[in-house]
Amino acid sequence: MKDIRYLSINGIYKAIEGEGVNLGRPQIFVRVQGCNVRCKNCDSCSTWSFSSGSVMSLDEIVATVVSLAEEKIGWVSVTGGDPLDHAHVGSVVHLIYLLKERGFKINIEVTGQEINNEIFDLVDYISADFKTPSSGVVSSLSNLKQLSEKFLGKFQIKSIVEDRGDFDYLVNSYQTFKNSGKDILFQWVITPAYMPNEEFPRERFTSIVEWNLEVGYFLVIGQQHKWIYGPNRSNV
Ligand code: SF4
């Protein structure tokens, strides 16, 4: 049985939030190592393996966060990999308790494939994916419904859009959700895909902006860190 005093870590670093509604916010990122979701358009494949990364004790992780934050940065983003994978989730719960005890506010970035009420109650913000066809992964509207019912006001949905097929899929999902009698009172963010080694995807970006102006459903927010540092640099 896994020892929940330890967690496999891909990296811990200081950076501003590069995407979504909290764009630009200084944070300490705790990137968990290991993800079984395997999206085709994943831009952090180095986080997939469960046998690489550094195994750190939760005390070491907290000490690293505290040292990087220097009492100036108040937010920690727990990301992955997949922090809610069953291999990690017990340790992640304890890590969040320890970081909260130190006064940090916690954002968690999740794949959207799982709802974890204990963690979602604990954290200050949830950033959940709703996957599009280009990822090869199917997301569930019932998870979206649960988030909307239980955590309204403290989550965003993020969807990577590579092409018109992805966009139309999101429009259809949005309308299906709405037609089920649910108001959409949360922020649904489209992140235009920006693939490894790609030049700035201006054409894709402008197309998505124009498609969204036709429906008005989504926030279109790019990945700022990739404009600044290029698409291949990690831990920024
Ligand atoms: S869930 Fe995230 S880390 Fe895992 S494969 Fe998909 S994009 Fe990559």
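You'll find the structure just up there.
A. Representation of the overall build of the protein chain in the model. Looking only at helices and strands, one finds seven helices and nine strands in the protein chain. In terms of C-alpha radius of gyration, the protein chain reaches 17 Å, essentially the compact-globule figure of 18 Å for 236 residues. Looking at the 236 residues of the protein chain, the share that counts as buried comes to 51%. Accessible area of the protein chain: about 11,200 Å², with a carbon and sulfur share of 49%.

B. Examining the sheet that holds strand E3 (residues 54-57) more closely. Pairing is mixed in the open sheet, where nine strands are placed in the order E3-E1-E2-E4-E5-E6-E7-E8-E9. The two strands at the open ends of the sheet, each matched to only one other strand, are E3 and strand E9 (219-220). Where strand E7 (residues 155-161) lies against strand E8 (residues 187-192), six bridges are found, and the strand directions are parallel. Within E8, the position partnered with valine 161 by the bridge is proline 192. Taken strand by strand, helix H1 (residues 58-69) contacts strand E1 (6-16), strand E2 (26-32), E3 and strand E4 (75-79), and its axis lies near 5° from that of E1.

C. Structural context of the nonpolar core. Residues Ile61, Ile108 and Trp188 are the most contacted members of the largest nonpolar core, which totals 50 residues. In contact with isoleucine 61, not counting residues within four places along its chain, are Leu7, Ile9, Ile12, Val30, Met56 and Leu95. By size, the runner-up hydrophobic cluster in this structure holds five residues, among which are Cys35, Cys39, Cys42 and Val137.

D. Region of the structure containing the site of the ligand. Around the ligand lies a shell formed by Cys35, Val37, Arg38, Cys39, Cys42, Thr47, Trp48, Gly81, Thr111 and Lys131. Tallied by class, residues from the shell around the ligand come to five nonpolar, three polar and two charged.

E. Structural view of helix H2 (residues 89-101). The end-to-end C-alpha distance of H2 is 18 Å, a good match for the 18 Å that 13 residues give at a rise of 1.5 Å each. Of the residues making up H2, those classed as buried are Ser91, Val92, Val93, Leu95, Ile96 and Leu99. Tucked inside the fold, the buried residues of H2 contact E1, E2, H1, E4, strand E5 (105-110) and helix H3 (117-122). At the exit of H2 stands glycine 103, carrying a positive phi of roughly 90°.

Cut-offs used in this document
Residues numbered from 1 in each chain as written. Predicted model: local features only at pLDDT ≥ 70, side-chain atom pairs only at ≥ 80, totals over all residues. Heavy atoms only, no water. Helix = DSSP H or I, 4+ residues; strand = E, 2+ residues; numbered from the N terminus. Rg over C-alpha atoms; globule rule 2.2 N^0.38 Å. Buried < 20%, exposed > 50% of the residue type's maximum accessible area, 1.4 Å probe, protein only. Areas by Shrake-Rupley, 256 points an atom, 1.4 Å probe, with all protein chains shown as cover. Pairing = 2+ DSSP bridges. Contact = heavy atoms within 4.5 Å. Axes fitted to C-alpha atoms, helices over the stretch in contact; angles between N-to-C directions. Core = buried A, V, L, I, M, F, W, Y, C linked by side-chain atoms within 4.5 Å. Near = heavy atom within 4 Å. Nonpolar A, V, L, I, M, F, W, Y, C, P; charged D, E, K, R; others polar. Expected span 1.5 Å × (residues − 1).

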